[in-house]
Amino acid sequence: MEDCIFCKIINGDFGTEFVYENEDAVVFKDINPKADTHLLVVPRIHVESLNELNDEALLGRLMMTVKEAAKKAGLKSYRTVINTGKEAGQEVFHLHIHILSGRIKL
Ligand code: 5GP
Ligand code: ZN
């Protein structure tokens, strides 16, 4: 989607390094980390938020992607967060799952 920062990242416009990727999603480091390790799991399709996602199977695969990316990053313990809606702190309106590990500053 035009004007979506995460779509541009997925498209490779900024040369962002993906720490993990598969058919459904890319995973990259958060630019403003709130933990020692802070990754974002971002589906390749543009969906504004969890409220707009109706594909149950994709949601399942995204959670499996969290697990796979955490494993690849060597994380045994981590927190997953999905902010849905402005009042909940969502700033980028392309669905993403935060993976936070180590000291978490939230
Ligand atoms: P939200 O608040 O929407 O749940 O999370 C958005 C996250 O995306 C924030 O933690 C923010 O630091 C991160 N972010 C915003 N723009 C960029 C960017 O251009 N590159 C990367 N790597 N992270 C970004
Ligand atoms: Zn997008």
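Our subject is the structure listed above.
As the structure is a prediction and not an experimental result, all values here were calculated from the model.

Every other side chain in a regular strand lies on the same face of the sheet, so the side chains alternate between the two faces. The buried fraction of strand β3 (residues 35–43) amounts to seven of the nine residues, a majority that puts the element mostly inside the structure. Here strand β2 (residues 25–29) pairs with β3 via five bridges, running antiparallel. Counted as the bridge partner of Lys29 is Leu39 from β3. Relative to strand β5 (residues 97–104), β3 is paired through six bridges, and the arrangement is antiparallel. In the sheet register, Thr37 faces β5, and the bridge partner there is Ser101.

Further remarks concern the pattern of salt bridges. As enumerated under the stated definition, the model contains three salt bridges in all. For Asp36, the salt bridge goes to Arg103, with nearest N and O atoms at 3.2 Å. A residue pair is termed long-range when its members are at least 10 positions apart, and Asp36 in strand β3 and Arg103 in strand β5 qualify at 67 residues.

A separate point is the site of ligand 1. Residues in close proximity to ligand 1 total 17 residues, the closest being Asp30, Gly89, Glu91, His96 and His98. The backbone of Lys29 places a nitrogen or oxygen atom 2.8 Å from a nitrogen atom of ligand 1. Take Asp30: an N or O atom from its side chain is 2.5 Å from an oxygen atom of ligand 1. Considering ligand 1 on its own, with 520 Å² of exposed area, one finds that the protein chains cover 86% of that surface. Going through the elements one at a time, α1 (5–10) and β2 are the ones with two or more residues in the shell around ligand 1. Per-element tally for the shell around ligand 1: the top contributor is α1, with three residues. By residue class, the composition of the shell around ligand 1 is seven nonpolar, six polar and four charged.

About the criteria used
- Residues numbered from 1 in each chain as written.
- Chains lettered and ligands numbered in written order.
- Predicted model: local features only at pLDDT ≥ 70, side-chain atom pairs only at ≥ 80, totals over all residues.
- Heavy atoms only, no water.
- Buried < 20%, exposed > 50% of the residue type's maximum accessible area, 1.4 Å probe, protein only.
- Helix = DSSP H or I, 4+ residues; strand = E, 2+ residues; numbered from the N terminus.
- Pairing = 2+ DSSP bridges.
- Salt bridge = Lys/Arg side-chain N within 4 Å of Asp/Glu carboxyl O.
- Near = heavy atom within 4 Å.
- Polar contact = N/O pair within 3.5 Å; in protein donor to acceptor, adjacent residues only side chain to side chain.
- Areas by Shrake-Rupley, 256 points an atom, 1.4 Å probe, with all protein chains shown as cover.
- Nonpolar A, V, L, I, M, F, W, Y, C, P; charged D, E, K, R; others polar.

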